[in-house]
Amino acid sequence: MMNPTVEAVLVLQERDTKVTALTAELEDLPEQIEAIEREAASRAAKFDELKNNTRKIEAERKKIDLEVKGKESAIARYKSQQQQTRKNEEFAALNHEIEHAEKEISALEDKELELMEAYDQGLVRVAEGQKELAAFQEKAKQKKADLEKRIGVVTAELVGAKERQATAEKAVPEDVLPRYRRILKSKRDVAIVPINGASCGGCHMKLTSQTVLSARTGEGITACENCGRLVYWAEL
Ligand SMILES: [Zn+2]
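In this text the structure is predicted, and so the values were computed from the model without any measurement.

**A closer look at the overall build of the protein chain**
Here is step 1 of the chain: Counting its secondary structure elements, the protein chain contains four helices and four strands.
Here is step 2 of the chain: N-terminal to C-terminal, the α/β element order of the protein chain is α-α-α-β-β-α-β-β.
Here is step 3 of the chain: Here the C-alpha atoms of the protein chain give a radius of gyration of 40 Å, more than 25% beyond the 18 Å that 2.2 N^0.38 yields for 236 residues.
Here is step 4 of the chain: Projected onto the principal axes, the alpha-carbon positions of the protein chain cover approximately 130 × 35 × 30 Å.
Here is step 5 of the chain: Here the protein chain, with 236 residues, has 29% of them falling under the buried criterion.
Here is step 6 of the chain: When contacts within the protein chain are restricted to residue pairs at least 6 apart in sequence, long-range pairs at least 24 apart make up 71% of them.
Here is step 7 of the chain: When the accessible surface of the protein chain is split by element, carbon and sulfur atoms take 53% of a total near 15900 Å².
Here is step 8 of the chain: Taking the average location of the 39 positive side-chain charges in the protein chain and that of its 43 negative ones, the two points are 3 Å from each other.

Rendered as structure tokens:
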């Protein structure tokens, strides 16, 4: 038969562990939801940037197109001026202007072609980006719904776990409880551990034969002389 005090402390420790785990999960869940929201906002912003950059390419191309049209009407003007002049010198000067404008138009049209290609590529990327974003948003929505559901489940579980924790606490002798609580707070993992071989199951240091004997036969509670955790003799 196991020492009843040890048994009561073990039950409490198990229930404490459960409450700690549920509490930690409940604290973590809203952070997980926030992380998804942050990721969604960042992806949406990146997609907007891609769309804006693509629009800018098209706007730039339109601007160049207007420049071309301006130069074309200038050429038409030069040509009509040529028809009206009788001076060879002026005719040659206008010819020079026309050639210059034609060269500029040619360069602008090359640029326009580049921008058209870039715009087409941009449109492909926007379409891909839109699909990716929609897929992510759908997944994020599902994940958020799952996490919100989990918050409800854990909240309810925690209520029950705390009730069971309180019940278990009442079964632990009053002189042992504060000691157990103190050890648990300082060790952060477990306060009561089995003896493995002749060593402490918490810090793994060898226990004195007196401690082992006391844990094995004593009616009170025994502690590891190294780490201070409560130790118990686990029946095989
Ligand atoms: Zn120890």
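**Re the side chain of Thr85**
Here is step 1 of the chain: Mapped onto the fold, Thr85 is located in the loop between helix H1 (4-84) and helix H2 (88-170).
Here is step 2 of the chain: Every residue in contact with Thr85, bar those within four places of it in the chain, is listed here: Glu90 and Phe91.

**Observations concerning the environment of Leu184**
Here is step 1 of the chain: Tracing the backbone shows Leu184 in helix H3 (residues 177-187).
Here is step 2 of the chain: Judged by its relative accessible area of 19%, Leu184 is buried.

**Comments concerning the coordination of the zinc ion**
Here is step 1 of the chain: Those donors, Cys200 (SG), Cys203 (SG), Cys224 (SG) and Cys227 (SG), are the protein atoms that reach the zinc ion, and they lie 2.2 to 2.4 Å from it.
Here is step 2 of the chain: Note that the zinc ion binds four donor atoms; their angles at the metal cover 104 to 115°, and the shape is tetrahedral.
Here is step 3 of the chain: Between consecutive donors of the zinc ion, the numbers of intervening residues give the motif C-x2-C-x20-C-x2-C.
Here is step 4 of the chain: Given a relative accessible area of 14%, Cys227 falls into the buried group.

**Things to note about the nonpolar core**
Here is step 1 of the chain: One finds Val9, Leu12, Val172, Tyr180, Ile192, Ile221 and Leu230 to be the most contacted residues of the largest nonpolar core, which totals 16 residues.
Here is step 2 of the chain: Of all the secondary-structure elements, those providing two or more residues to this core are H1, H3 and strand E4 (230-232).
Here is step 3 of the chain: Among the nonpolar cores identified, the runner-up in size contains 12 residues, and Ile64, Tyr78, Ile105 and Leu115 belong to it.

**Comments concerning the domain arrangement of the protein chain**
Here is step 1 of the chain: Domain boundaries assigned for the protein chain yield domain 1 (15-167) and domain 2 (179-232).
Here is step 2 of the chain: If you average the C-alpha positions of domain 1 and of domain 2, the two centres end up 62 Å apart.

**Things to note about the packing of aromatic side chains**
Here is step 1 of the chain: By the definition in use, this model includes zero aromatic pairs.
Here is step 2 of the chain: Looking at Arg43, its charged tip hangs above the ring of Phe136, at a distance of 4.1 Å from the centre.

**A look at helix H4 (residues 209-217)**
Here is step 1 of the chain: Buried within H4 are the following residues: Thr211, Val212 and Ala215. One face of H4 carries all of its buried residues, which in axial projection span an arc of 100°. Turned more than 90 degrees from where H4 packs its buried face, Ser209, Gln210 and Thr217 sit exposed.
Here is step 2 of the chain: Elements in contact with the buried residues of H4: strand E1 (192-196), strand E3 (222-223) and E4.

Reading the values: rules and limits
Residues numbered from 1 in each chain as written. Predicted model: local features only at pLDDT ≥ 70, side-chain atom pairs only at ≥ 80, totals over all residues. Heavy atoms only, no water. Helix = DSSP H or I, 4+ residues; strand = E, 2+ residues; numbered from the N terminus. Rg over C-alpha atoms; globule rule 2.2 N^0.38 Å. Buried < 20%, exposed > 50% of the residue type's maximum accessible area, 1.4 Å probe, protein only. Contact = heavy atoms within 4.5 Å. Areas by Shrake-Rupley, 256 points an atom, 1.4 Å probe, with all protein chains shown as cover. Lys, Arg positive; Asp, Glu negative; His and termini not counted. Charge placed at Lys NZ, Arg CZ, Asp CG, Glu CD. Donors = N, O, S within 2.8 Å, 3.2 Å for Na, K, Ca; no water. Tetrahedral: all angles 85-135°; square planar, octahedral: opposite > 155°, others 65-115°. Core = buried A, V, L, I, M, F, W, Y, C linked by side-chain atoms within 4.5 Å. Domains from an automatic or database assignment. Phe/Tyr/Trp six-rings, centres within 6.5 Å; stacked < 30°, edge-to-face > 60°. Lys NZ or Arg CZ within 6 Å of the ring centre and 35° of its normal. Arc of directions from axis to C-beta.

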